[in-house]
Amino acid sequence: MIDWLKSDITNAVHDLQSFYSNITLNKCNASLKTDRNGQLLKENFEMNNSLVFVVRYNETGKIKRVEMQVSLHKYFAGGFNFSDFYFKDVFAGIASICLTYEINPFKATILNL
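The rules behind these values
Residues numbered from 1 in each chain as written. Predicted model: local features only at pLDDT ≥ 70, side-chain atom pairs only at ≥ 80, totals over all residues. Heavy atoms only, no water. Helix = DSSP H or I, 4+ residues; strand = E, 2+ residues; numbered from the N terminus. Rg over C-alpha atoms; globule rule 2.2 N^0.38 Å. Buried < 20%, exposed > 50% of the residue type's maximum accessible area, 1.4 Å probe, protein only. Contact = heavy atoms within 4.5 Å. Areas by Shrake-Rupley, 256 points an atom, 1.4 Å probe, with all protein chains shown as cover. Lys, Arg positive; Asp, Glu negative; His and termini not counted. Charge placed at Lys NZ, Arg CZ, Asp CG, Glu CD. Pairing = 2+ DSSP bridges. Expected span 1.5 Å × (residues − 1). Axes fitted to C-alpha atoms, helices over the stretch in contact; angles between N-to-C directions. pLDDT = per-residue confidence, 0-100.

All right, on to the overall build of the chain then. When helices and strands are tallied, the chain shows three helices and six strands. Its helices and strands taken in sequence order, the chain reads β-α-β-β-β-β-α-α-β from the N to the C terminus. Over its C-alpha atoms the chain spans a radius of gyration of 14 Å, differing by no more than 12% from the 13 Å that the globule rule assigns to 113 residues. Based on the C-alpha atoms only, the size of the chain along its principal axes is roughly 45 × 25 × 25 Å. Buried positions account for 33% of the 113 residues belonging to the chain. The long-range fraction of contacts in the chain, counting pairs at least 24 apart against all pairs at least 6 apart in sequence, stands at 49%. For the chain, the computed accessible surface area is about 7100 Å², with 52% contributed by carbon and sulfur atoms. Between the centroid of the 12 positive side chains of the chain and the centroid of its 11 negative side chains there is a distance of 6 Å.

This part takes up the pairing of strand β2 (residues 29–34). With six bridges joining them, β2 and strand β3 (residues 40–46) adopt antiparallel strand pairing. Looking at the pairing, Ala 30 lines up with Phe 45 of β3.

The phi angle at Glu 102 is positive, at roughly 55°, despite the residue not being glycine. Secondary-structure assignment places Glu 102 in the loop between α3 (87–101) and β6 (109–112).

Attention now goes to the pairing of strand β1 (residues 4–8). In the sheet, β1 pairs with strand β5 (residues 63–71) via five bridges, with the strands oriented antiparallel. Bridging from a neighbouring strand, Ser 7 pairs with Met 68 of β5. Strand direction decides the pairing type here: β1 and β6, joined by three bridges, are antiparallel. By the bridge assignment for β6, Ser 7 is matched with Ile 110.

With 15 residues, α3 should reach 21 Å at 1.5 Å per residue; the first-to-last C-alpha distance of 22 Å fits that figure. For α3, the complete set of buried residues consists of Asp 89, Val 90, Gly 93, Ile 97, Cys 98 and Tyr 101. Positioned one or two residues after α3, Glu 102 has a phi angle of 55°, which is positive.

This part is about the sheet that holds β3. Spatially, β2-β3-β4-β5-β1-β6 is the arrangement adopted by the six strands of the open sheet, whose pairing is antiparallel. On the outer flanks of this sheet lie β2 and β6, each paired with one strand and no other. Across this sheet, the average inter-strand angle for adjacent strands is 20°, counted without regard to direction. Across the sheet, helix α1 (residues 16–26) is in contact with β3, β4 (52–57) and β5; its angle to β4 comes to roughly 130°.

This part is about the confidence of the model for the chain. The predicted model of the chain averages 89 in pLDDT, with 98% of residues at 70 or higher. No element of the chain has a lower mean pLDDT than helix α2 (residues 72–76), at 85, and none a higher one than β4, at 95.

Quick look at the structure:
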């Protein structure tokens, strides 16, 4: 069963700044990680139903990579993981995320499945 997806979506978002603004405004929870000098390394933006966007920064503070981490089953089922989950549901979940956050799925890179 396909359930957990981790994907590099840096090149898949049309406009990185508007995407960042969107996830910043619509997050449920956020956390950040810095090195011991206070340099920002990454931010985690938790959205609804197990969807997390991770923004990683380079040493100059610019966005280096944007990752999407999601349990497709939980996202599709509204936060639950105990219902039936079919192959067509995988596509429906991915399509929903891509439409909502303006992500081009053909430009995303799967990091972990």
